[in-house]
Structure formats: structure tokens, C-alpha cells
Amino acid sequence: MAMSAGYIPFHPNPSKPKYKPPAGAVDAHCHVFGPEAVFPFAPKRKYTPCDAPKETLFQRRDFLGFDKNVIVQATCHDTDNRALVDALRSAGDKARGVAFVGEDITDAGLKELDAAGVKGVRFNFIKRLVDSTPKDVMQRIATRIAPLGWHIVVYFEHADLDEMGPFLKSLPTPLVFDHMACPNVKEGVDGKHFQNWLKALDANKTWITKVTCPERFTLVGPPYDDVVPFARAIVERFPDRVIWGTDWPHPNMPKEAPDDGLLVDMIPKIATTAEQQHKLLVDNPMRIYWS
Ligand code: 0GY
């Protein structure tokens, strides 16, 4: 099956980052896609990406100076977690996973994911990526995964916080938010939505956020300096509740695939001390995914 029209494949030869991550650093948000010939994309998918197999992911991990990955199930595979599980089994202790499951998953299915290194499920509220799942279904899934010690990864836009807050607060596990919950750079760090988001993080001590995807939110393009103040404000205020990832292979970029080396070189701009960097890249992801 051909890639979706306009789909931009990942950068073929990223630059070697100048910033060297600390030993044991975790890329806590990345995906595997296919390969389609082995792990076909889901009939329900909203886009068809290029293949982005585990071998390339592991090469990029090593090239960029990382030790481990957290692989997040992407919507193009829907609830078929086989490519994810295969990558986790190949990586051994060097990867953990976040799955996407439906209510129909059996207890044995959950146990198998757990044994492969899955530590959470993803609830995706981004309309261009998924058809919405009723909240009561999500509640029931949450109730079933909580006893496994898993968490829930939430992909939503913090502009929807007022509407979503009560539901999010009702969930029984820690929450890990994708991509800073999608800041609107135009509104600025002092904008109402971003400030409300900071307040929500302050009030909910089991909420963790990824400070990822400047390339999705930038208005000016690489090296994405206009997104730095958002990520930095979060890291400074919540140093123990932030994690970082590349988002390789960068699905659905509108204009260009980011140079992963440039993304790594942003880290010292958003976490400005060695202590903050160690928490962001090692201590926090290890606590959430490896303990
Ligand atoms: C991301 C972001 C996107 C896609 C997916 O599951 C997905 O298909 O997550 C996106 O298009 O914003 O997390 O990589």
C-alpha cells in the first residue's frame, strides 16, 4: 500500500548531535511502523506511513547517543500491537512500550503485553488521528490496566483542558501527556491555555509530561527556538515529572521531516543544568518505565 499523499518519510541522514546525553539516556517517545509486509497497517488507519522498522529505530538510538527507547503504539497500527511487541522482544531490556488496546482485549492479551515490556496504554483524543472512543469504554480499560501498575498516555490538546479535566482527573493511574499537550506557540508562554496547563500540572502530582515535538508546534522552523520557552518553563517547574523523546519516525509532518540531531541539540536549551538533564533523560523515564 502506498504512503498517504503528501506523507513525508523520516530524515534519511540526521546530523550527529553536539549534545551528548548522559549514560543510560532514554528516548521516551518513538514508534515503529511495520514493515508493512510483516506487520500490515490497520484497515481503520487515518494515514499510511513509510515503513519505519525496529532495526532503523535501534540504529538511530545508538547514533543519537541514547541507551533505551519507549516505543508508543501508533494509530496506523490501531489495536494490533504485534509490531510493537516484536520490537520490544528484540530490544530486550533496552525498550519498554505503550500499547493501544480496545475493550475486547482479554486478560491473557494484557498479560502478554505486560510480559513483553508494555507499561501503559495510550488514549488518543486527536481527531485527525482516531475516531473517538466513548469515555465509559476508556474508564473500563483504565480499571483493567491499573492493577498491572501501568499508566495512561494521553494525547490531547490543552486547549481542551476545561472540557477534559474532570475525565482526566477521574482516571485511576498516573497520566503521561504526549508533546506538552500541544502548546499554541502563537499564544505565548503567558497565554491563558498554557498557564492553565501549568496550573493543572501543579495541582495533579501524578501527571507527567513529555517535553517533545517542537517541530510540530514551531512557527519559525528549525532549530525550533520559539518552542524552547514552553518546554523550559515546564522543565524548570516540574523537573521530576518530565520526560523527553525524539518522536522518530515523525508521522504526519506537514512540511519537512526534522533532523533528529537538531532535536537532541535542543535538550540543553530546555534543561539547562546537568541535574535537570539527568532527571529528564534518565531518572524520570527509568522510574516510570523500568522500576
Ligand atoms: C506522535 C504524533 C502523531 C501521530 C501518532 O499514533 C500516531 O499515529 O502519534 C501525530 O500525527 O501528531 O505521537 O508521533
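It should be noted that the structure appears before, not after, this text.
Residues numbered from 1 in each chain as written. Predicted model: local features only at pLDDT ≥ 70, side-chain atom pairs only at ≥ 80, totals over all residues. Heavy atoms only, no water.

On to the sheet that holds strand β8 (residues 242-243), then. In space, the 8 strands of this open sheet follow the order β1-β2-β3-β4-β5-β6-β7-β8, with parallel pairing throughout. On the outer flanks of this sheet lie β1 (26-30) and β8, each paired with one strand and no other. (Pairing = 2+ DSSP bridges. Helix = DSSP H or I, 4+ residues; strand = E, 2+ residues; numbered from the N terminus.)

In the vicinity of the ligand, 14 residues are found, and the nearest of them are H31, Y47, T75, Y155 and D247. Within the side chain of R122, one N or O atom sits 2.8 Å away from an oxygen atom of the ligand. For the ligand, whose free accessible area comes to 350 Å², the fraction covered by protein is 100%. Taken together, the residues that form the shell around the ligand break down as 5 nonpolar, 5 polar and 4 charged. (Near = heavy atom within 4 Å. Polar contact = N/O pair within 3.5 Å; in protein donor to acceptor, adjacent residues only side chain to side chain. Areas by Shrake-Rupley, 256 points an atom, 1.4 Å probe, with all protein chains shown as cover. Nonpolar A, V, L, I, M, F, W, Y, C, P; charged D, E, K, R; others polar.)

A few words now on the packing of helix α4 (residues 135-145) against helix α5 (residues 161-170). It is the contact of α4 with α5, at a shortest axis distance of 10 Å, that shows an interaxial angle of 25°. Considering their axes alone, α4 and α5 lie roughly parallel with respect to each other. In this structure, α4 crosses over α5, and the sense of that crossing is right-handed. The residues of α5 that touch α4, namely those facing K135, M138 and Q139, are M164, F167 and S170. Class assignment of the residues belonging to the contact of α4 with α5 gives a composition of 3 nonpolar, 2 polar and 1 charged. (Axes fitted to C-alpha atoms, helices over the stretch in contact; angles between N-to-C directions. Parallel < 35°, antiparallel > 145°, perpendicular 65-115°, else oblique. Left-handed = near helix turned anticlockwise from the far one by under 90°. Contact = heavy atoms within 4.5 Å.)

With omega at 5°, the peptide bond leading from G34 into P35 counts as cis. The step from W248 to P249 runs through a cis peptide bond, and the omega angle for that step is 0°. Considering the arrangement of structural elements, one finds P249 in the loop between β8 and α9 (260-265). Positioned with a positive phi, D78 is a non-glycine residue whose angle comes to about 45°.

What follows concerns the pattern of salt bridges. One pass over the structure, following the stated rule, counts 21 salt bridges. Salt-bridge contacts for R140 lead to D136; the nearest nitrogen and oxygen are separated by 3.3 Å. Here R140 and its partner D136 are both found in helix α4, 4 residues apart, which amounts to about one turn of the helix. In this structure, a network of salt bridges that share partners links the residues D67, K68 and K94. (Salt bridge = Lys/Arg side-chain N within 4 Å of Asp/Glu carboxyl O.)

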